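Here are the chains, one letter per residue:
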Amino acid sequence: MSQPYSGPYGVPQQAQGQQPNGPQYPGAPQQVASPPVGYPVDGATSAAAPASKSRRAYPTQQYDFTASAAPAEAPQMYTGAPVAGAPYGAQDQQFFTPAGAAPVQQAQAPVGYGQPAQAMGYPQDPNQQFQAAPIYGANAPITPGYGPTNPPPAQQPQSPGMAGMTQQFGHMGIQGAMPTAGRVTNNIFPVDLMTQPPIPAELDAPPPTINLPPNTALTPSEHANCPPEYMRSTLNAVPQTSSLLKKSKLPFALTIRPYITLHDEDAPVPVIPDTVIARCRRCRTYINPFAIFIEGGNRWRCQMCNLTNDVPQSFDWDPVENKQLDRWQRAELNYSVVDFIAPKDYMVRPPQPLVYLFLIDVSMPAVQSGLVATTARTILESLDRIPNVDKRTRIGFMAVDSALHYFSIVPGQAEPNMLVISDLDEPFLPQPDDLLVNLHECREGVDTLLSKMHDMFGGNTSTGNAMGPALRAAHKLASPIGGKIVCLMASLPNLGVGALKPREDPKLLGTAKETGLLQAQNSFYKSFAVECSKSQVSVDMFLFASGYQDVASLSCLPRFTGGQTFYYPSWSASRTEDAVKFAHELSEFVSAEIQLETVMRVRATSGLRMSAFYGNFFARSSDLLAFPAMPRDQGYCIEVAIDENMTKSTVCFQTAVLHSTCKGERRIRVLTLCLPVTQNLSEVYASADQVAIATLYANKAVERTLDSGLNDARETLFKTLVELLQVFKKELTTSNIGAATPLQFTHNLRLLPLLILALTKHTGLRKTTQIPTDMRSAALALLSSLPGAHLIPYIHPRFYSLHTMPEEAGLPGAEGIVMPPTMNLNSQFFEPHGLYLIGDGQQLFLWVGRAAVPQLIQDVFGLPDITGVRVGKATLPVLENQFSQRINAIIGKIRESKDGSLYYPHLYIVREDGEPALKAWALSMLAEDRTDGAAGYQQWLMQLKDKVNA
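This report concerns the structure included in the present document. Please read all numbers here as calculations on a predicted model, not as lab measurements.

What follows deals with the overall build of the protein chain. Along its length, the protein chain carries 22 helices and 34 strands. Taking all contacts inside the protein chain whose residues are at least 6 apart in sequence as the whole, residues at least 24 apart take part in 77%.

Before going further, it helps to spend a moment on the pattern of salt bridges. Using the criterion set out here, one finds 32 salt bridges in the structure. Linking D578 and R575 is a salt bridge whose minimum nitrogen-to-oxygen distance equals 2.8 Å. Residue D578 is classed as buried on the basis of its relative accessible area, which comes to 1%. Residue class for R575 comes out partly exposed when judged on its relative accessible area of 32%. It is possible to trace a salt-bridge network through shared partners that takes in D339, E665, R667 and R669.

Ordered by their spatial adjacency, three strands build an open sheet running β6-β7-β8, and the pairing between neighbours is antiparallel. Both edges of this open sheet fall to β6 (292–294) and β8 (308–310), since each of them pairs with a single strand only. Each strand of the sheet is rotated relative to its neighbour by a mean of 35 degrees, with strand direction disregarded. Looking at chain direction, strand β7 (residues 299–301) and β8 are connected through three bridges and run antiparallel. In the sheet register, R301 faces β8, and the bridge partner there is T308.

Right, let's talk about the packing of aromatic side chains for a bit. This structure, assessed with the given rule, holds 32 aromatic pairs. For the ring pair F544 and Y568, a centre distance of 4.7 Å and an interplane angle of 5 degrees mean the geometry is stacked. Taken together, the residues span a long stretch of sequence, with F544 in the loop between β18 (537–543) and α10 (551–554) and Y568 in the loop between β19 (565–567) and α12 (576–591) at a distance of 24 residues. Joined through ring pairs, the aromatic side chains of Y356, F358, F397, F542, F544, F566, Y568, W571, F582, F589 and Y903 make up one cluster. The lysine or arginine in question, R279, covers the ring of Y286, its NZ or CZ lying 4.1 Å from the ring centre. A cation over a ring is seen here: R327 above F293, with NZ or CZ 4.5 Å from the ring centre.

Let us look at the nonpolar core. Counting residues in hydrophobic clusters, the biggest one holds 178 residues, and the most contacted among them are F358, F397, F542, F653 and Y685. Residue contributions to this core peak at 11 residues, all from helix α15 (residues 710–732). Residues L436, A466, V537 and C556 belong to the second largest nonpolar core, which totals 40 residues.

Okay, the packing of helix α14 (residues 690–708) against helix α18 (residues 788–795) next. Across the interface, α14 lies against α18 with an axial gap of 10 Å and an inter-helix angle of 75 degrees. The orientation of α14 relative to α18 falls into the category roughly perpendicular. Residue-level contacts link V691, A694, T695 and A698 of α14 to G788, L791, I792 and I795 of α18. Residue composition of the contact of α14 with α18, by class: six nonpolar, two polar and no charged.

Cut-offs applied
Residues numbered from 1 in each chain as written. Predicted model: local features only at pLDDT ≥ 70, side-chain atom pairs only at ≥ 80, totals over all residues. Heavy atoms only, no water. Helix = DSSP H or I, 4+ residues; strand = E, 2+ residues; numbered from the N terminus. Contact = heavy atoms within 4.5 Å. Salt bridge = Lys/Arg side-chain N within 4 Å of Asp/Glu carboxyl O. Buried < 20%, exposed > 50% of the residue type's maximum accessible area, 1.4 Å probe, protein only. Pairing = 2+ DSSP bridges. Axes fitted to C-alpha atoms, helices over the stretch in contact; angles between N-to-C directions. Phe/Tyr/Trp six-rings, centres within 6.5 Å; stacked < 30°, edge-to-face > 60°. Lys NZ or Arg CZ within 6 Å of the ring centre and 35° of its normal. Core = buried A, V, L, I, M, F, W, Y, C linked by side-chain atoms within 4.5 Å. Parallel < 35°, antiparallel > 145°, perpendicular 65-115°, else oblique. Nonpolar A, V, L, I, M, F, W, Y, C, P; charged D, E, K, R; others polar.

Okay, structure coming up:
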């Protein structure tokens, strides 16, 4: 075994002529010159900063296997490094200059030593290029008073070059812009996509600034405009006319996530308890920070429809203290995200209790896989986590094989009774009571049932699965109250209504006929979903089959009832990793504070209309979305149409979510977003949000796939991107003639081509014959339901170099565990001695280079060398060394649920010289590579350039 090395992690043993701080490993590679800034190639190496004496080091050079080997020549690659302190998105780019003027030369930052991401132009400090926080509503301070009656402050100074840029666009027909009234506007900074590398860290940057005119909001509160975590627009400057929107080719939509955490205490919002709710009489908008008080504060004007409304008499009265209230302290006038306690006239019945009805597959495949035992144990251990503050939560259980097994649990009795119904054509409830019971009153019986469930069915030899009849029976049981039906299945439903047949044909994969396999084969699942939605019943699916399970059909129920689909291919409780993942996700699922009997509506300024909706819900009307239960880890997209020209300098959107909480309260969550209006095409592009656009395109691609096929969805994404680039070239660049023109795009959309490429290569849309139908259907379900914060990493995975990560990575920081810098998804960053982590939120791959030194293997795995490292699903040991603890902390940070995610990604160990299939799966995450016949990033840009210049 090699002798330990006492230098720092991730730096070379010898840097630029310096002597190492400790003895070298025997056979360690020779020092070579670091390459120029850019993409490294195989064999290229990098140097690192001088070593500190407090940590070990793993060599970052390539092994020199021949004594006479000469250093490889530096490859041609991207150039340009970010400038410290440069504005967001403007680092690695050439500023827009008048025709004929010389481009502004950017100063280059010093080349880093030994950091692959640094070679791509990523700064050592990941926060370096994002120094300025976003301003949501540029509200100037105002004196106390009712509304913006004071004169606006002096016009804010324009950013350098703004006047010149405005003149440049004059000859492009972009004249007559609306007066900005002192409003600062966003500017475009063209970027040459062919020469400027994408910087993955920009995906975590805030969206373009929302520049509102001064005094737009009632108060100077920094919380007056909606944070992007809750609601964000694809355009942070709204075109004044539909013709300008059509000309831009940009989509206009909202991405909405009403709840950003699984529990209220993780992200509290102001609660207005007095039930005094001021709403517009015509459009029903809730009063918000952008309303206007008139007539001495006795009336207010709705900013949506301009109607004048009376202020409620109790609006300025504190019923608790029984005294006059300072109006300007009311939360709804200072915060864009608030919860109203709803009065009785917002209820058609008392708030329903939380109801969980579990349908558990107990057929032989389920018993043999360990599903029954693991499910029962997990629910038993999670009973205390289920929200039950008001002691009204109800729970019930049904076991399903070729018959239906009900369990009667009587309060005060420890032993439950099992009732078996074999009639699948007309299933009925054997008794009206004691099947769906109060959890608090019947806790002893519930504990007993879950403790004995595995023994009850341990010898079951039935292979039947009557889940369809079980769903109907469960609906009869739950519909008088509402609630959640949770199905856990390890086999394909094959008996009674809703029976499914194996239909997967490997010959159809990758062909036009594959689309049929992605659609439901039985109409029962769509029609039954509508019945459930009307009865305030949602359905969630946990699917575990070792073979084909028809996820495409079964996922229809969650899609139209506001539920979720969890897919566990080839699951077995005998593998610890499988059991832990399922137990964690089911426990988090039942403990989340969901919203019950929910409806959501989005209102907007007159002239705007909500035109299309995407997500898991049932549309009751043209603009009312129904959720029997609204999960907290999902997001929704809504497209907006401009029916009339905008006459104001701003527009507003307001999302209202009327719901019952798990605590027995009826509430309305209100989100309000205000955006400026512009006639300037350049400002529309400069204010476009690439994350929101990619989220919308993912949802539209799923819909296109199910309607027209995978090929059409991929082609539509490509054509849409070409149109955007063509508009930018024609309208917003001065040199737009000739094939030699660079492929330019605005800096704030520079990662959109990469995101679209990654989306077309995603498991849900990739052109291949190797992806099973169930796996593709599960991926499509995630693409259409994940919120943007989780969807973007799912499309564009995070890639970290662990052996060269900064010394603070993996240690506690101001915002929890500090993460390493993200790298470009390119296999050229792999070094044979390196250790890397790739993750998309659903799975993690720990890549071990074939030449990893023994000390690294010892510190991470506790093994003497790489030959002992087993590949596949694994649990990484926590060893008595800092490097092991830091890596485990990073993995734990990715898996934690504080960001509102239920998912617990598997960890796969991948050796560079290991199993080819696992290696290929990990490499498929690298969107910038050529994989499975799909173009790499450079080839993709060439294809785009050819189409744009055609």
